[in-house]
Amino acid sequence: MKRSFHIVLLNLFLLAFFFRCISDYTVGEMNGLSDILVVEGFITETESTFKLSRSLDISDPYNTYPAETGVSMMYVECNDGTQSEPAMHIGSGEYHIKTGSLDAGKQYRLYFRLDNGEEYASEFLTPLITPEIHINYIKPAKGTPVQICVNTTEEKDQSRYFFWSYTEDWEVWAPLEAEYGLDENDSIYRYVPPYNTYYCWGHNASKSILLGSTMNLAENRFSNYPLLEISPYNDKLSVLYHIRINQNLIRKEAYDYFYNLLKNTDQNSGLFTSMPTEIKGNIRNLSQPEVPVIGYVEVATTTIGTRFIDYSEGLYEWSTSINFLFRTCDEEKMTGPPSGKRPKEIEAVGYIPYTLSDAIPPQMVYKPRECVDCRLKSQASKSKPDFWPGNRQ
């Protein structure tokens, strides 16, 4: 059975605005490498988030990695001796630290102590000041993917290496807006907003390491650098789409660390085949320096770019399957009693209430579930983002 790299590094940089999930990782043919501490996170302004976990032996019968919750003290330390507020354990090995502003003339590191007395710290680093980011999109031709691009210029020449993460939100509609629904007792009731199944929203976060380097460019800038692609037939573009991209300037050492992780995951090789020279990061066990630790804590400010893309911008294209669905929804229906329990034979074949017919007495018209329930669309739910425009519910 394939061992996912959930064992060690799943959810690396998925948390908060820096964290994302590393691709599934197959550990190599090596046993006995369990219980290595894994430290994930960035020190940035306002609030920093870190996640601690432990590696498992490949022969472990459980396909989950254990969170490290035995932290007695954790804070961000400045080289002038000042410390941040203690970290707050949110749960599952996730720790939040209010870091406030970062002084470009000082250095910072992460320090923590485990319940067993072992002390750990990252390297003291001066904050990198990340340049502004702007988002654009390009669609070369009809039927081609929409490229979401970043634009940025680093004029201070602090570094030529960049790290990105993003979150996506989008609105989707069912093909038809039902007037009726079913309650938990399988009884029909008339919809009252927001209790409908017509409007839904989806959410996604980046799931791979996103790196960029301008080392081979004449200028330290990216112009329309494609960060991700969206199929023109994807429902994300069918109503309203929003993306938030977080950008960090990083050092070459951090770039090399993440690049090695990316290279190893792409090659499906073992993480520990590269230890300790390639994937060792900048976290040290102060109590026992010979004990390996996995992780890299960078110190950098964050810049954020956001962009809405509306259906009216003409990026969405109707696929053959969507056209077929709408024809099906227009043509197919079943009828039944106007109220009370839904007949079991109608429920069994996947039809749900839609509206009342014009007959006398009126009968309930049923439509295929995929025609009136937006929650069947990929990643869709009734969870509307707080910042979403409009009064649709």
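Given the structure is predicted, the values throughout are model-derived calculations rather than measurements.

(A) Here's a closer look at the packing of aromatic side chains. Taken as a whole, this structure holds 22 aromatic pairs when the rule is applied. Note on Y311 and Y316: the rings are 6.2 Å apart at their centroids and 55 degrees apart in plane angle, and the pair reads as tilted. For Y311, a relative accessible area of 41% gives the class partly exposed. Residue classification places Y316 among the buried residues on the basis of a relative accessible area of 11%. Through a chain of ring-to-ring contacts, the aromatic side chains of F42, F163, Y257, F258 and Y296 assemble into a single cluster. Positioned above the aromatic ring of W170 is the side chain of K236, whose terminal nitrogen or guanidinium carbon lies 4.9 Å from the ring centre.

(B) Region of the structure containing the pattern of salt bridges. Scanning the model with the defined rule gives 13 salt bridges in all. We note a salt bridge from D35 to R54, for which the minimum N-O separation is 3.8 Å. On the criterion of sequence distance, the pair formed by D35 in the segment before strand 1 (37-43) and R54 in strand 2 (residues 46-54) is long-range, its members being 19 residues apart. The exposure class assigned to R54 is buried, which follows from its relative accessible area of 12%. For the salt bridge of E171 with R392, the shortest nitrogen-to-oxygen distance reads 2.4 Å. Here R392 lies in the segment after strand 24 (380-381) and E171 lies in strand 10 (residues 161-173), a separation of 221 residues in the sequence. Here the salt bridges share partners, and the residues they tie into one network are D35, R54 and E68.

(C) Summary view of the sheet that holds strand 7 (residues 119-122). On the basis of which strands lie adjacent, the open sheet formed by 4 strands has the order 3-6-7-17 and antiparallel pairing. On the outer flanks of this sheet lie strand 3 (71-78) and strand 17 (283-285), each paired with one strand and no other. Adjacent strand axes in the sheet meet at a mean angle of 20 degrees, parallel and antiparallel pairs treated alike. Note: strand 3 against strand 6 (residues 108-114), 7 bridges, orientation antiparallel.

(D) Here's a closer look at the side chain of K377. Inspection of the secondary structure assignment puts K377 in the loop between helix 4 (369-372) and strand 24. Sequence-distant contacts of K377, defined by excluding residues within four places in its chain, comprise V172, W173, A174 and D235.

(E) A look at unusual backbone geometry. Going from I360 to P361, the amide bond is cis rather than trans, its omega being -5 degrees. Locating P361 in the fold gives a position in the loop between strand 22 (351-356) and strand 23 (364-368). One non-glycine residue, T46, lies in positive phi territory at about 70 degrees. As for its position among the elements, T46 is in strand 2. The exposure class assigned to T46 is exposed, which follows from its relative accessible area of 54%.

(F) Expanded view of the pairing of strand 23. Of all 5 residues in strand 23, 5 are buried; the element is thus mostly enclosed. As defined by bridge partners, strand 22 adjoins strand 23 across 5 bridges and the pair is classed as antiparallel. What sits directly across from P353, in strand 23, is Y366.

Parameters at a glance
- Residues numbered from 1 in each chain as written.
- Predicted model: local features only at pLDDT ≥ 70, side-chain atom pairs only at ≥ 80, totals over all residues.
- Heavy atoms only, no water.
- Phe/Tyr/Trp six-rings, centres within 6.5 Å; stacked < 30°, edge-to-face > 60°.
- Buried < 20%, exposed > 50% of the residue type's maximum accessible area, 1.4 Å probe, protein only.
- Lys NZ or Arg CZ within 6 Å of the ring centre and 35° of its normal.
- Salt bridge = Lys/Arg side-chain N within 4 Å of Asp/Glu carboxyl O.
- Helix = DSSP H or I, 4+ residues; strand = E, 2+ residues; numbered from the N terminus.
- Pairing = 2+ DSSP bridges.
- Axes fitted to C-alpha atoms, helices over the stretch in contact; angles between N-to-C directions.
- Contact = heavy atoms within 4.5 Å.

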